[in-house]
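Architecture at a glance
Listed below, chain by chain, are the residues.
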Amino acid sequence: MTKAGFALVGGRLLPDRGRPAAQFMYENREGRRVTLYVRSDDGSDTAFKFAAEDGISAFYWIDGSLAYALIGNTSRESLLELARIAYEAL
């Protein structure tokens, strides 16, 4: 996500329903952070979907056998741009 000014600052391997998942945290120069969560998934709905609650926004989608969620305290438009960059990179 360096195209949008975000650099990887860390990651974690996590459990998700008995399977491994990964969480990657990115930060820009202003200190704004977004997190990309990745896990295996058997679903077939690949469309980008949006959710927001208490000022936190998320775009999530499925590509092949993996599900992704990009989460951050940012506008829908900014997060969509980042989600598209992540989708193209992955």
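Refer to the structure printed above.
Bear in mind that the values here come from a model prediction, so they are computed numbers and not experimental data.

Calculation rules
- Residues numbered from 1 in each chain as written.
- Predicted model: local features only at pLDDT ≥ 70, side-chain atom pairs only at ≥ 80, totals over all residues.
- Heavy atoms only, no water.
- Pairing = 2+ DSSP bridges.
- Helix = DSSP H or I, 4+ residues; strand = E, 2+ residues; numbered from the N terminus.
- Buried < 20%, exposed > 50% of the residue type's maximum accessible area, 1.4 Å probe, protein only.
- Contact = heavy atoms within 4.5 Å.

Let us now look at the pairing of strand β5 (residues 56-63). Where strand β4 (residues 49-53) meets β5, 5 bridges bridge the pair, whose relative direction is antiparallel. Looking at the pairing, F50 lines up with F59 of β5. The hairpin formed by β4 and β5 contains 2 residues between the paired strands, and D54 there has a positive phi angle of roughly 50°. Hairpin geometry of β5 and strand β6 (residues 66-72) is characterised by an intervening segment of 2 residues between the two adjacent antiparallel strands and by a positive phi of about 65° at G64.

Here the focus is the side chain of T35. Considering the arrangement of structural elements, one finds T35 in strand β3 (residues 33-40). Owing to a relative accessible area of 16%, T35 belongs among the buried residues under this scheme. Contacts of T35, omitting those with residues within four sequence positions, involve Q23, F24, M25, A69, L70 and I71.

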